[in-house]
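These are the residues of each chain, in order.
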Amino acid sequence: MANLKEIRNRIASVSSTMQITSAMKMVSAAKLKKAQDAITAMRPYADKLTELLQSLSASLDADSGSTYADNRPVNKVLVVAITSNRGLCGAFNTNVLKQCASLEENTYAGKQLDFVAIGKKANDILSKKHNVISNHSEVFDNLTFENVALIAEELMLLFTEGTYDKIEIVYNKFKNAATQIVMTEQFLPIIPVEGAESNNSDYIFEPSKIEIVEQLIPKSLKTQLYKGIRDSFASEHGARMTAMHKATDNATELRDQLKLTYNKARQAAITNEILEIVGGAEALNN
């Protein structure tokens, strides 16, 4: 059994760790509320914009000749991996990286697969074995639509110039503080929805369908990417809050076990001292 000093040092160390994880949990909980409100408020707008785009998608080729809907043979694929800049958030980053590995090994086996990293963790891991053409970890320092729109424009340019035949986004979708769902969404080319043309009668197009499509597609793509990053941002804080909550519980349990061990060791030491004193007294009496 470890001596009393070693146990006291371990108790102090675990207690210090517990204080840190508890503080991190409270910080993440405060940030989560703001991030959750932002993504909850944005989803109805993003969904409605997607619905409008889908209602026009059936006539994209015929009316606008949009290059964003150009379905080419897929040889070169770009994957946008959205992670966090920091760790201590459970399997949050690992799940995204596993999905990226799955795309490489299964979905796009034998094809050229490059990456765009949004988040320091994605860049650090993916750059070791893959070609990461750009890293946008700084976007989380000031997460605004304008900053994300610049990234989306870069992706759209890579597709329209023919550098890549397909662009996918991999991120964690926020469900609640304890649950994040890994999503893989096709960013480009736009997927036409069959039967969407029949819904066009519900809309009055002004100035014209062609002009609206030309403006709607880039805005919809920027919004899609912004929603994905916002989802990931909220999921990160939810995952970190959950991870720190579990870490605090584990540290509390370990501290209690160490205190029990310490008390047992202390009682054993006191008992041994009493026995030695009694034994000495008996020896003197004899």
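Everything in this summary refers to the structure shown in the same document. (Residues numbered from 1 in each chain as written. Predicted model: local features only at pLDDT ≥ 70, side-chain atom pairs only at ≥ 80, totals over all residues. Heavy atoms only, no water.)

### Quick look at the packing of aromatic side chains
How two aromatic rings sit relative to each other is given by the distance of their centres and the angle of their planes. Taken as a whole and judged by the stated rule, the model has 2 aromatic pairs. Aromatic pair Phe140 and Phe233: ring centres 6.0 Å apart, planes at 20°, arrangement stacked. Placement of Phe140 in the loop between β3 (132-135) and α5 (145-160) and of Phe233 in helix α6 (residues 209-285) is noted, with a sequence separation of 93 residues between them. A centroid spacing of 5.6 Å and a plane angle of 90° characterise the contact between Phe145 and Tyr226, whose relative ring orientation is edge-to-face. Highlighted residues: Phe145 in helix α5 and Tyr226 in helix α6, separated in sequence by 81 residues. Tyr226 gets classed as buried once you look at its relative accessible area, which sits at 12%. Residue placement shows Arg72 over the ring face of Phe159; its charged tip is 4.4 Å from the ring centre. (Phe/Tyr/Trp six-rings, centres within 6.5 Å; stacked < 30°, edge-to-face > 60°. Helix = DSSP H or I, 4+ residues; strand = E, 2+ residues; numbered from the N terminus. Buried < 20%, exposed > 50% of the residue type's maximum accessible area, 1.4 Å probe, protein only. Lys NZ or Arg CZ within 6 Å of the ring centre and 35° of its normal.)

### Describing the sheet that holds β3
Strand order in the open sheet made by the 5 strands is β3-β2-β1-β4-β5, with mixed pairing throughout. Since the sheet does not close on itself, it has two edges, and those belong to β3 and β5 (179-188), each with one partner. Each neighbouring strand pair of the sheet contributes to a mean axis angle of 20°, computed without reference to strand direction. As defined by bridge partners, strand β1 (residues 76-82) adjoins strand β2 (residues 112-118) across 7 bridges and the pair is classed as parallel. Paired with Val80 across the strands is Val116, a residue of β2. Lying over the sheet, helix α3 (residues 92-107) contacts β1, β2, β4 (166-176) and β5, oriented at roughly 150° with respect to β4. (Pairing = 2+ DSSP bridges. Axes fitted to C-alpha atoms, helices over the stretch in contact; angles between N-to-C directions. Contact = heavy atoms within 4.5 Å.)

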